[in-house]
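Fold and geometry: a report
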Amino acid sequence: MAQQEVFLKKLVAHCKEYGFVFPSSEIYDGLAAVYDYGQNGVELKNNIKRYWWDSMTLLNDNVAGIDSAVFMHPTVWKASGHVDAFNDPLIDNRDSKKRYRADVLIEEQIAKYEDKIEKEIEKAAGRFGNDFNETLFRQTNPRTIEYKAKRDNLYKRFVSAQNENNLDELKQIIVDEEIVCPVSGSRNWTDVKQFNLMFSTEIGSTAEGATKIYLRPETAQGIFVNFLNVQKSGRMKIPFGIAQIGKAFRNEIVARQFIFRMREFEQMEMQFFVRPGEEMRWFEYWKQTRMKWHKALGLGDNKYRFHDHSKLAHYANAATDIEFEMPFGFREVEGIHSRTDFDLNSHEKYSGKKIKYFDPDLNQSYTPYVIETSIGVDRMFLSIIAGAYTEEPLEGGDMRTVLKIPPVLAPVKIAVLPLVRKDELPERALKIMDELKFNCYCRYDDKDSIGKRYRRQDAVGTPYCITVDYDTLKDDTVTIRHRDTMEQERVPISALEDIVEDKLNIKNILKAIKA
Ligand code: GAP
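Reading guide: rules and limits
- Residues numbered from 1 in each chain as written.
- Predicted model: local features only at pLDDT ≥ 70, side-chain atom pairs only at ≥ 80, totals over all residues.
- Heavy atoms only, no water.
- Pairing = 2+ DSSP bridges.
- Helix = DSSP H or I, 4+ residues; strand = E, 2+ residues; numbered from the N terminus.
- Axes fitted to C-alpha atoms, helices over the stretch in contact; angles between N-to-C directions.
- Phe/Tyr/Trp six-rings, centres within 6.5 Å; stacked < 30°, edge-to-face > 60°.
- Buried < 20%, exposed > 50% of the residue type's maximum accessible area, 1.4 Å probe, protein only.
- Lys NZ or Arg CZ within 6 Å of the ring centre and 35° of its normal.
- Domains from an automatic or database assignment.
- Contact = heavy atoms within 4.5 Å.
- Buried area = accessible area lost by both parts, 1.4 Å probe.
- Salt bridge = Lys/Arg side-chain N within 4 Å of Asp/Glu carboxyl O.
- Polar contact = N/O pair within 3.5 Å; in protein donor to acceptor, adjacent residues only side chain to side chain.
- Nonpolar A, V, L, I, M, F, W, Y, C, P; charged D, E, K, R; others polar.
- Near = heavy atom within 4 Å.
- Areas by Shrake-Rupley, 256 points an atom, 1.4 Å probe, with all protein chains shown as cover.

1. Describing the sheet that holds strand 10 (residues 264-274)
- Taken together, the seven strands give an open sheet; going across it, the order is 3-9-10-16-13-12-11, and neighbouring strands pair in mixed fashion. Two strands lie at the open edges of the sheet, namely strand 3 (63-66) and strand 11 (304-308), each paired on one side alone. Between one strand and the next, the sheet's axes are offset by a mean angle of 25°, whatever the strand orientation.
- Where strand 11 and strand 12 (residues 318-326) come together, five bridges link them in antiparallel fashion. Its bridge partner lying in strand 12, Asp308 is registered against Thr320.

Structure, rendered in structure tokens:
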């Protein structure tokens, strides 16, 4: 099994064992691409959401939040283009009866060429050591040149087939590249067909005449249809933004890679309304601001990169992804789109209601342009877990598994541990916990040896363990153990609140972003 697959399997198992993520309805063998969050998962998820929400609404006094309904008038999805254009190109393998996204099969083939190039470079770097010149090697090594030519040629064909919506060409690429079904190993493919990703249901009883409605595939439309409500009730002046966190639903066909691609997931979206003509400046501003937000978590700057889109969605005039190095390579965590005035214009047309902004500074009415930042909570969750998961050898030959989750996001911030379960140590520990629990999420644990309890807290990513021992009863000090370094220091109980405030409060990381 490839190393990346082994790592992903470890993450999935760890998430289940330590109460982060469970398969949905597991006692009934689960439901594909649907997951439940456990006791630690929900805390991490809430902390991610809090970090995002506060960075949007506290740091920007021109960004307001809303919470719109999942169900919306069906015409919303006609106006947004989702009824006609929210499709994936699908292809079936006749032997395995498995269905795939044609674009994903081709993207995986492109990634294979890229992997081959990287492997050649790795091998050569090992061979030549310090004398290795990567640029020269890329330009001169025949095998690397051949793979690059194949990759570039395929990429060009793929982009043009996508831009032209040419399903026959997508199929032809799969045939020409001799792509096989990962299950049957055969090349017995059907034609490529479009498949709409929206889930539908009915509202109202049949007697009244039920209406077909959709489960929203993005939260953004709830913001667009409330543009005037928020602008008028909040007396907002352009430029301003509306932020929202909520569930979205997509009938994903390629539902693999754990919580990376789910059928029910959560989005954190912000639409920023600007003057027409100023959108590129704001696009650049939000690109940099959002990257700063990610990097401030300290998982490593090299784990993030931008990926500018070559194929733009029907509503966009510029788009980029912020990608994170997932267990299966760099993948999109967040999309930043310049959505033009497409959505507001389209809702104006379909609803017959005027959706314009009167700009007092210009003394003029116009349809604002929009910059969107859109990030999946679940993908962000996966990136944090993947970036944090570490296996470390210990003295004596043991290993520890530790989640080095950024402390401000950690599900449990402090574990309070009495050294032994007697002699009033538990009572003293519980008293400390009673004082700290108003500052952050604390857990008390008195089962097993102290070493085992440290390991348990490492596995859920608890940044600090506070051990209460016999000296505590004498001098009101405790041992504080730091998760990442395993260093221990003796501190007075009275200092604990300051430590918590300094290291665990989201406020400090927000200040760092704004600086
Ligand atoms: N409003 C724009 C929009 O929805 P998108 O690129 O389709 O754009 C935005 O989605 C973000 O939502 C993605 O970057 C990803 O983090 C998350 N996302 C999309 N589909 C997802 C899925 N099936 N499972 C989990 N997260 C998903």
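2. What to know about the packing of aromatic side chains
- Within the structure shown, the criterion is met by 20 aromatic pairs.
- Relative to Phe273, the ring of Phe227 has its centre 4.6 Å away and its plane inclined at 45°; by these criteria the two rings are tilted. Of this pair, Phe227 sits in helix 10 (residues 227-233) while Phe273 sits in strand 10; the two residues are 46 residues apart in sequence, bridging distant segments of the chain.
- Judged by its relative accessible area of 0%, Phe273 is buried.
- A connected cluster of aromatic rings, assembled from ring pairs, spans Phe224, Phe227, Phe240 and Phe273.
- Positioned over the ring face of Phe306 is Lys287, at 4.7 Å from the centre of the ring.

3. Description of the domain arrangement of the protein chain
- Its domain assignment divides the protein chain into domain 1 (1-69 + 212-290 + 326-394) and domain 2 (412-514).
- Here the C-alpha centroids of domain 1 and domain 2 sit 34 Å apart.
- Taken together, the 14 residues of domain 1 in the interface contact twelve residues of domain 2.
- Among the residues domain 1 hides against domain 2, the three largest losses belong to Tyr51, Leu59 and Leu394. Together they make up 41% of the total.
- Applying the counting rule to domain 1 against domain 2 returns zero salt bridges.
- On the surface where domain 1 and domain 2 come into contact, there are one residue pair in polar contact (both at pLDDT 80 or more).
- Ranked by residues supplied to the side of domain 1 that touches domain 2, first place goes to helix 2 (residues 39-57) with seven residues.
- Here the residues of the side of domain 1 that touches domain 2 are counted per class, giving six nonpolar, five polar and three charged.

4. What about the site of the ligand?
- As a matter of local geometry, the ligand sits amid 20 residues, with Glu218, Met262, Glu269, Glu332 and Val333 nearest to it.
- Here an oxygen atom of the ligand and a side-chain polar atom of Arg250 are 2.8 Å apart.
- A distance of 2.7 Å separates an oxygen atom of the ligand from a polar backbone atom of Val333.
- Computed on the free molecule, the ligand has an accessible area of 550 Å², of which 93% lies beneath the protein chains in the complex.
- Among the secondary structure elements, those contributing two or more residues to the shell around the ligand are strand 10, strand 13 (329-340) and strand 16 (369-376).
- Per-element tally for the shell around the ligand: the top contributor is strand 13, with six residues.
- Here the shell around the ligand is composed, by residue class, of five nonpolar, five polar and ten charged.

5. Notes on the pairing of strand 4 (residues 87-92)
- Both strand 4 and strand 6 (residues 193-196) contribute to a ladder of four bridges, which runs antiparallel. Following the sheet pairing, Asn87 is matched in strand 6 by Asn196.
- When strand 4 meets strand 5 (residues 99-101), the two strands line up antiparallel, connected through three bridges. From the neighbouring strand, Leu90 faces strand 5, where its bridge partner is Arg101.
- Connecting the antiparallel pair strand 4 and strand 5 is a turn made up of six residues, with Lys97 showing a positive phi of about 65°.

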